[in-house]
Each structure stands twice: as C-alpha cells, then as structure tokens.
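Results of the structural survey
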Amino acid sequence: METDFKPAVALDAMGGDFAPEEIIKGALLAVEENDVEIFLFGKEKIISNLLNSDDAFSRKSLSGRIKIIDAPEEISMDDSPSDVLKHKKNSPVFMGTDFASKTPGCAFISAGNTGAVMACSLINMKKIEGLLRPAIATVIPLGDKKFVLLDSGANSEIKPAYLKQFAIMGMIYSREMLKISKPRIGLLNVGSEEKKGTLPVIEGYKMIKDSGINFIGNVEGRDVLRGKADVIVCDGFVGNVILKFAESVLDVIKGKFRAYAEKGLF
C-alpha cells in the first residue's frame, strides 16, 4: 500500500557521550544513504554552526536536507524520568517524542537518558493497544549472526504476561528487521528445565510455550553468546547486566591484544 509521506526521524542531537558532533555525523550519513527526512532537536545555534562549518564531516551539500528544531533544555544522565516529564518539556527528548507522535511515518531516536526516553515515549507516543509494557530490545552481533536481547533495562520487575509479550515482540523484530524467517525464542533462566527459576519465569515459560511461536525453551547464561537462540527473553534487570557484561568482554579482549602488541610480535 502506497503512502503519501516520506519516512522521517526525529533525532535527539544533544543526547549521548559524543553529542552533538557524532549525532550530526550520523544524521548526515542517514540522508546520504536513505530517502529520509531528519529533524534534529537540540540547541539550534550549536547544531546550525556545526552543520554549516567547514569541517569535512559537515558535507554542506547534504545539510540542507536536515531540519533543526530548537529544544533548549538539557537532560543529563542523572535526571529522573518524572523530573523530565514535569520540568523539561522543552528538551529534545520530550519535544522529539511529541513531534514523532504527530508526524506520520516518523520515528524518534536518542542516545541519551534511557529512562527519560521511555517515559516521554509512553506519554507522547503511547503504547500499541493491548501492549502491557514496552521493552528495550538490543541487537547483539555474534560473528556473521545477530540475536535480539529483550528486555535490556526497561522493566526490572516483571509479570509472566510481560515475558510472553516480549517474546512475541522480539520474534516480530527478528523476523522483519533481521530477516530470520522463523526465529528461535529462548527464555533466559538458571537451568534448562521447565520448572526452574522464579515464579514469574516459570509461569512465563508456560505462556510463551502456548503462544504458538518457535519457542525452544530455557537458555542459560552460557548459551547467550553461543547463538543458541535468535531472541533471548528476560527481565530488564538481568538483561541490562547481560548487556553491560557483553560490552565489557570486548574491552577486555582489546586490552589483552594491546598488551601483547606492546610486548612485541613474538
């Protein structure tokens, strides 16, 4: 079915460790490689100066395809979601999610405060009807393959029905975005047996099993990086620990190779 609008992205230009320079680089790459509109939310003067600078990354020929929307209030990583909702409605995250909710075919992206993004998205963009809780999905590379981990930090306390919905959402994402025709869904647990784990996990197992998706059962921590499942489902507390641990593994390996190189080839 044809649409009469162009895909758009509302982008928080001020969020993340390397903002706004790296965010602007990403925006320029996006419009260079895709037929998409980019709306940068943040401090207008700073963004405009960078887009129109003489730096090689600015690529002035592309900067005209990016629109800037002034959002002067800053959100730090220490700001609580409730404070952002109450006191920072002129921030990139609040204004960006509000803009995306009113613009057909528009997504919102931020590398900033995760809690603020989740809260503003819930208030402005709403949930899909019938969805109990949103989840943070992280795509983790494994050589030439990838798997989806969710929840990665949005819900530290869960109910069995949340796990079932996480499994279904992860399956849809894996199928549509990663092009895996029949994703294998695994539930992260302390053992492979059906009756292992906490009560929500045990009940969640039954609900996922009965949902009709390609559920392979419980997977353990040692299976996470072995590619046993295309989608791994867990609560946000465990998922965030797994994610941070996986990130640290790469840093450790880099450090080891650097140390070896400094000692000499042999």
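Just above, that's the structure.
Rules used in this analysis
- Residues numbered from 1 in each chain as written.
- Predicted model: local features only at pLDDT ≥ 70, side-chain atom pairs only at ≥ 80, totals over all residues.
- Heavy atoms only, no water.
- Helix = DSSP H or I, 4+ residues; strand = E, 2+ residues; numbered from the N terminus.
- Contact = heavy atoms within 4.5 Å.
- Areas by Shrake-Rupley, 256 points an atom, 1.4 Å probe, with all protein chains shown as cover.
- Lys, Arg positive; Asp, Glu negative; His and termini not counted.
- Charge placed at Lys NZ, Arg CZ, Asp CG, Glu CD.
- Buried < 20%, exposed > 50% of the residue type's maximum accessible area, 1.4 Å probe, protein only.
- Salt bridge = Lys/Arg side-chain N within 4 Å of Asp/Glu carboxyl O.
- Polar contact = N/O pair within 3.5 Å; in protein donor to acceptor, adjacent residues only side chain to side chain.
- Phe/Tyr/Trp six-rings, centres within 6.5 Å; stacked < 30°, edge-to-face > 60°.
- Pairing = 2+ DSSP bridges.
- Axes fitted to C-alpha atoms, helices over the stretch in contact; angles between N-to-C directions.
- Left-handed = near helix turned anticlockwise from the far one by under 90°.
- Nonpolar A, V, L, I, M, F, W, Y, C, P; charged D, E, K, R; others polar.
- Arc of directions from axis to C-beta.

The helix and strand inventory of the chain stands at 9 helices and 9 strands. In terms of principal-axis extent, the alpha carbons of the chain reach across some 60 × 60 × 40 Å. When contacts within the chain are restricted to residue pairs at least 6 apart in sequence, long-range pairs at least 24 apart make up 67% of them. Of the roughly 15,600 Å² that the chain leaves accessible, carbon and sulfur atoms contribute 55%. Taken together, the 35 basic and 36 acidic charged side chains of the chain have centroids lying 5 Å from each other.

Here we come to the side chain of Asp235. By the secondary structure assignment, Asp235 is in the loop between strand E9 (231-233) and helix H9 (236-263). Among buried charged residues, Asp235 stands out as having no salt bridge; its nearest opposite-charge side chain is Arg133, 11 Å away. From its side chain, Asp235 meets the backbone nitrogen of Phe237 in a polar contact 2.9 Å long. Within the structure, the side chain of Asp235 is placed 2.9 Å from the backbone nitrogen of Val238, a separation counted as a polar contact. Apart from residues lying up to four places away in sequence, Asp235 is in contact with Asp151, Asn155, Ser156, Ile158 and Leu163.

Turning to the packing of aromatic side chains, a few remarks are in order. Under the counting rule described, the total for this entry stands at 3 aromatic pairs. Pairing Tyr205 with Phe215 gives two aromatic rings, centres 5.0 Å apart and planes at 70°, and the pair type is edge-to-face. Highlighted residues: Tyr205 in helix H8 (residues 199-209) and Phe215 in strand E8 (residues 215-219), separated in sequence by 10 residues. Each member of the pair Tyr205 and Phe215 is classed as buried. One aromatic cluster is present, built from ring pairs that chain together Phe39, Phe41 and Phe99.

What follows concerns the side chain of Asn113. You can see Asn113 is positioned in the loop between strand E4 (106-109) and helix H6 (114-124). Within polar-contact distance, the side chain of Asn113 engages the backbone oxygen of Ser76 at 3.0 Å. In terms of polar contacts, Asn113 uses its side chain to reach the backbone carbonyl oxygen of Met77, at 3.5 Å. Discounting chain neighbours no more than four positions away, the residues touching Asn113 are Ile75, Ser76, Met77, Asp78 and Asp79.

It is worth spelling out the pairing of strand E5 (residues 138-142) at this point. Every second residue of E5 is oriented toward a common face, the buried set being Thr138, Ile140 and Leu142 and the non-buried set Val139 and Pro141. What sits between E5 and strand E6 (residues 145-150) in their antiparallel hairpin is a turn of 2 residues, with Gly143 showing a positive phi close to 65°.

A separate point is the packing of helix H5 (residues 92-102) against H6. Each packed pair of helices is defined by two parameters, the angle between the axes and the distance between the axes. Closest axis-to-axis distance for the H5/H6 pair is 9 Å, and the angle between their directions is 35°. Seen along the crossing, H5 lies across H6 with a hand that is right-handed. Two secondary-structure elements touch here, H5 through Val93, Phe94, Thr97, Asp98 and Ser101 and H6 through Ala116, Val117, Cys120, Ser121 and Asn124. Partitioning the contact of H5 with H6 into residue classes produces 5 nonpolar, 4 polar and 1 charged.

Okay, unusual backbone geometry next. Here the amide bond leading from Ala19 into Pro20 is cis, since omega sits at -5°, within 30 degrees of zero. The step from Leu150 to Asp151 runs through a cis peptide bond, and the omega angle for that step is 10°. Relative to the helices and strands, Asp151 is located in the loop between E6 and helix H7 (160-177). Phi at Lys126 takes a positive value of approximately 70°, unusual for a residue other than glycine. Within the fold, Lys126 resides in the loop between H6 and E5. In this structure Lys126 comes out as exposed when scored by relative accessible area, which is 58%.

By the burial criterion, the buried members of helix H2 (residues 44-51) are Ile47, Leu50 and Leu51. For H2, the angular spread of the buried residues around the axis is 100°, confining them to a single face.

Residue position: Ala27 is located in helix H1 (residues 21-33). By relative accessible area, which is 1% here, Ala27 ends up buried. For Ala27 and Ile38, which are 11 residues apart along the polypeptide, the C-alpha to C-alpha distance reads 6.7 Å. What Ala27 contacts, discounting residues up to four positions off in sequence, is Leu11, Ile38, Leu40 and Ile66.

Residue placement: Gly153 occurs in the loop between E6 and H7. In this structure, the C-alpha to C-alpha distance between Gly153 and Ile136, residues 17 residues apart in sequence, is 6.2 Å. In this view, Gly153 contacts Ile136, Gly236 and Asn240; residues no more than four positions away in its chain are not counted.

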